[in-house]
Amino acid sequence: MKIRALVDGIERAAVLDRPGNRLQSAVTKVLRGRVSDVLHGVWVGHPIHPVAVLVPIGTWLSASLLDALRINHKAPATLIKTGVAGAVAAAITGLNDWASLTREQRRTGLVHAVTNTVALGLQIGSLAARRHGNLRMARRLSYAGLAAVGLGGYLGGHLSYRQAASVNQAEPLLRRIPEGWHPVCDLESLTPGQPQVHHIDEVPVLVVRTGDEDVTVMIERCGHETGPLGEGEVRRIDGTDCVVCPWHGSTFRLTDGTAVHGPASTTQPLLRSRVRDGLVEAALP
């Protein structure tokens, strides 16, 4: 299909790297620390951006439907204004997520952002036309804006479902572990606070001894972008031991895998663990 080939071409378009790198640098300077964590959705355990986009899409679609049916001349303007406000929130959360993606993902994300910015401009233009009483032009601009945001949504779906952006990429590894208890390593081989990498079949797991016989076993590949948690460090944050991903700084509590700092917002998959006869064993949750 031509559209699929076009989107694949966006992923390979190195020309997008220069403006993308500049934008990424600006975003990471402005959105960082606790603010970035909130925008990533760390506090709810789920990315915020997919929820935020529902407001502009829903309101703009409703406005276009009322325009097409000629039901009410005032309601579409109110819906479009609501969508414009929602689009700003969606853009901020989206940029925050986008800045921590890989190069090919950022290329698609940049075009996604530009397309949605065009949609926002068209909807603002529709509001201006309504203010001047030009309803025919207002409707046309609103329809065009809806088409543009639809294209942006297609690119957003490509980012999520084809390029696996902002999804928990560690979860599929958890599903490759067979049922039952599996031997992992000897307890005495573990130094408290020092992460080790072992395998259950071919699945890498992170093993950290946190007490005399307290051991955490979690999927070793970071759910954000599969960074090697085994090369990260264990830090005590807010009174709890956490492991920090060396790639993007995603931080997870060892007690339950909860994301403490982004860009990861979802919980890192944790396995049940026990010690029997000096041997650490792990099983699916």
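Right above here is the structure, for reference.
About the thresholds
Residues numbered from 1 in each chain as written. Predicted model: local features only at pLDDT ≥ 70, side-chain atom pairs only at ≥ 80, totals over all residues. Heavy atoms only, no water. Helix = DSSP H or I, 4+ residues; strand = E, 2+ residues; numbered from the N terminus. Buried < 20%, exposed > 50% of the residue type's maximum accessible area, 1.4 Å probe, protein only. Contact = heavy atoms within 4.5 Å. Axes fitted to C-alpha atoms, helices over the stretch in contact; angles between N-to-C directions. Parallel < 35°, antiparallel > 145°, perpendicular 65-115°, else oblique. Left-handed = near helix turned anticlockwise from the far one by under 90°. Nonpolar A, V, L, I, M, F, W, Y, C, P; charged D, E, K, R; others polar. Core = buried A, V, L, I, M, F, W, Y, C linked by side-chain atoms within 4.5 Å. Phe/Tyr/Trp six-rings, centres within 6.5 Å; stacked < 30°, edge-to-face > 60°. Lys NZ or Arg CZ within 6 Å of the ring centre and 35° of its normal. Pairing = 2+ DSSP bridges. Patch = residues over 30% accessible without salt bridge, like charges linked within 9 Å, V, L, I, M, F, W, Y side chains within 5 Å. Areas by Shrake-Rupley, 256 points an atom, 1.4 Å probe, with all protein chains shown as cover. Salt bridge = Lys/Arg side-chain N within 4 Å of Asp/Glu carboxyl O. Arc of directions from axis to C-beta.

1. Looking at the environment of Gly227
Working step 1: Tracing the chain through its elements places Gly227 in the loop between strand E4 (215-219) and strand E5 (233-237).
Working step 2: A relative accessible area of 2% places Gly227 in the buried class.
Working step 3: With 199 residues separating them in the primary sequence, Gly227 and Thr28 have C-alpha atoms 19 Å apart.
Working step 4: Each residue touching Gly227, except ones within four places of it in the same chain, is listed here: Glu220, Arg221, Cys222, Cys245 and Trp247.

2. Some points on the packing of helix H1 (residues 2-11) against helix H8 (residues 135-162)
Working step 1: Two numbers describe how H1 lies on H8: the axes approach to 12 Å, and their chain directions differ by 70°. Classed by the angle they form, the pair H1 and H8 counts as roughly perpendicular. For the pair H1 and H8, the sense of crossing is right-handed. In this structure, H1 contributes Ile3, Val7, Asp8, Ile10 and Glu11 to the contact, and H8 contributes Tyr154, Leu155, His158 and Arg162.
Working step 2: Grouping the amino acids of the contact of H1 with H8 by side-chain chemistry returns five nonpolar, one polar and three charged.

3. Section: the nonpolar core
Working step 1: Membership of the largest hydrophobic core comes to 20 residues, with the highest contact counts inside it found for Val184, Val207, Val215, Val217, Ile219, Leu271 and Val280.
Working step 2: At the level of secondary structure, the elements contributing two or more residues to this core comprise helix H9 (171-174), strand E1 (182-186), strand E3 (203-209), E4, strand E9 (270-276) and strand E10 (279-283).
Working step 3: Excluding residues within four positions of it along the chain, Val184 makes contact with His198, Ile200, Val205, Val207, Val280, Glu281 and Ala282.

4. Side note on the packing of aromatic side chains
Working step 1: Considering all chains together, one arrives at zero aromatic pairs under this definition.
Working step 2: When the ring centre of Trp181 is taken as reference, the NZ or CZ atom of Arg274 above it lies at 4.0 Å.

5. What about the sheet that holds E9?
Working step 1: The sheet built from six strands is open, its strands ordered E1-E10-E9-E4-E3-E2 with antiparallel pairing. Sheet topology places E1 and strand E2 (196-200) at the edges, where each strand pairs with a single neighbour. Pairwise comparison of adjacent strand axes, ignoring direction, gives a mean angle of 35° for this sheet.
Working step 2: When E9 meets E10, the two strands line up antiparallel, connected through five bridges. What sits directly across from Arg276, in E10, is Leu279.

6. What to know about the packing of helix H7 (residues 103-131) against H8
Working step 1: Where H7 contacts H8, the axes come no closer than 8 Å and their chain directions differ by 165°. As judged from the angle between their axes, H7 and H8 are roughly antiparallel. Both H7 and H8 take part in a crossing whose hand is left-handed.
Working step 2: Grouping the constituent residues of the contact of H7 with H8 by class yields 15 nonpolar, 15 polar and two charged.

7. Looking at the pairing of strand E6 (residues 240-244)
Working step 1: Counting buried positions along E6 yields four of five residues, so the element is predominantly enclosed.
Working step 2: In terms of strand pairing, E5 meets E6 through five bridges, oriented antiparallel. For Val234, the partnering residue across the bridge sits in E6 and is Val243.
Working step 3: Count of turn residues in the E5/E6 antiparallel hairpin: two residues, of which Asp238 carries a positive phi of about 55°.
Working step 4: As defined by bridge partners, E6 adjoins strand E7 (residues 251-253) across three bridges and the pair is classed as antiparallel. Bridge pairing links Val243 to Phe252 in E7.

8. A short note on unusual backbone geometry
Working step 1: Here the residue pair Gly262 and Pro263 is connected by a cis peptide bond, since its omega of 15° sits within 30 degrees of zero.
Working step 2: As for its placement among the helices and strands, Pro263 is situated in the loop between strand E8 (259-261) and E9.
Working step 3: Even without being a glycine, Asp201 presents a positive backbone phi close to 55°.
Working step 4: Relative to the elements of secondary structure, Asp201 occurs in the loop between E2 and E3.

9. Observations concerning a nonpolar patch on the surface
Working step 1: A contiguous nonpolar surface patch, about 250 Å² in accessible area, is contributed by Ile3, Leu151 and Tyr154.
Working step 2: Residue placement: Ile3 occurs in helix H1.
Working step 3: On the accessibility criterion, Ile3 (35% relative accessible area) is partly exposed.

10. Some words on H1
Working step 1: Within H1, the full set of buried residues consists of Val7, Asp8, Ile10 and Glu11. Down the axis of H1, the buried set is contained in an arc of 150°. They therefore lie on one face. Along H1, the residues that are exposed and aim more than 90 degrees away from the buried face are Lys2 and Leu6.
Working step 2: Lining the buried residues of H1 we find H7 and H8.

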